[in-house]
Amino acid sequence: MEREVVEAELVLPTHLGFKRIQMYEKYPKGQSRGRHWKHLKQILQAENYQNYPPDEPNYINIESPPSMHPCKRICDITGYEAPYYDPRTNLRYANADVFKLVRSLPNEYVQRYLALRNAAVVLK
């Protein structure tokens, strides 16, 4: 009887597909657990782009035309997309709460917000 049990154990596979694999079995000590991503600098060094002809497009010499889509308008206060702008201060705003804040700002703060956007003008 014991001989039959020993033979039966030899027939069973070591890993059953429906059982979960323990992490220490899947990744023995010293092996990485996941995929490592390469940075652009590592890709550029690995590709040896200096050996490519200069007219062949690659990461270094790629040229593209300007975008055909208009740039997104961003709220100067919150950073959200801003469908509105205040004609008195020229600040962009996202909602009514921000509009109240924009109208209550002193003129020097308005000028600083406009300067951040490179749209600074002297307001009267």
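Residues numbered from 1 in each chain as written. Predicted model: local features only at pLDDT ≥ 70, side-chain atom pairs only at ≥ 80, totals over all residues. Heavy atoms only, no water.

- An unreviewed UniProt entry annotates the chain as INO80 complex subunit C originating from Morella rubra.
- Of the comments in the UniProt record for the chain, the one headed Subcellular location (unreviewed entry) reads "Nucleus". (UniProt positions renumbered as here; feature names shortened; annotations may be inferred.)

**Here's the deal with the packing of aromatic side chains**
Logical step 1: Within this structure, the stated rule accounts for two aromatic pairs.
Logical step 2: Judged by centre distance (5.6 Å) and plane angle (25°), the rings of Tyr84 and Tyr93 are stacked.
Logical step 3: On the accessibility criterion, Tyr84 (44% relative accessible area) is partly exposed.
Logical step 4: When its relative accessible area of 13% is taken as the criterion, Tyr93 is described as buried.
Logical step 5: Taking 4.9 Å as the distance between ring centres and 40° as the angle between the ring planes, the aromatic pair formed by Tyr93 and Phe99 counts as tilted. (Phe/Tyr/Trp six-rings, centres within 6.5 Å; stacked < 30°, edge-to-face > 60°. Buried < 20%, exposed > 50% of the residue type's maximum accessible area, 1.4 Å probe, protein only.)

**Section: the side chain of Asp76**
Logical step 1: Following the sequence through the fold, Asp76 ends up in the loop between helix 3 (40-47) and strand 1 (84-85).
Logical step 2: Of the polar contacts made by the side chain of Asp76, one reaches the side chain of Arg117; its length is 3.1 Å.
Logical step 3: If we skip the residues at most four places from it in the chain, Asp76 touches Asn90, Leu91, Arg92, Tyr113 and Arg117. (Helix = DSSP H or I, 4+ residues; strand = E, 2+ residues; numbered from the N terminus. Polar contact = N/O pair within 3.5 Å; in protein donor to acceptor, adjacent residues only side chain to side chain. Contact = heavy atoms within 4.5 Å.)

**Section: the UniProt feature "domain: Vps72/YL1 C-terminal" (unreviewed entry) in the chain**
Logical step 1: This chain's UniProt record puts "domain: Vps72/YL1 C-terminal" (unreviewed entry) on residues 73-102.
Logical step 2: What you have in residues 73-102 is 23% helix and 13% strand, and the ends, taken at the C-alpha atoms, are 16 Å apart.

**What to know about the pattern of salt bridges**
Logical step 1: A full pass over the atoms with the stated rule returns two salt bridges.
Logical step 2: Across the pair Arg117 and Asp76 runs a salt bridge, and its minimum N-O distance is 3.1 Å. On the criterion of sequence distance, the pair formed by Arg117 in the segment after helix 5 (107-116) and Asp76 in the loop between helix 3 and strand 1 is long-range, its members being 41 residues apart.
Logical step 3: The buried category is assigned to Asp76, whose relative accessible area is 16%. (Salt bridge = Lys/Arg side-chain N within 4 Å of Asp/Glu carboxyl O.)

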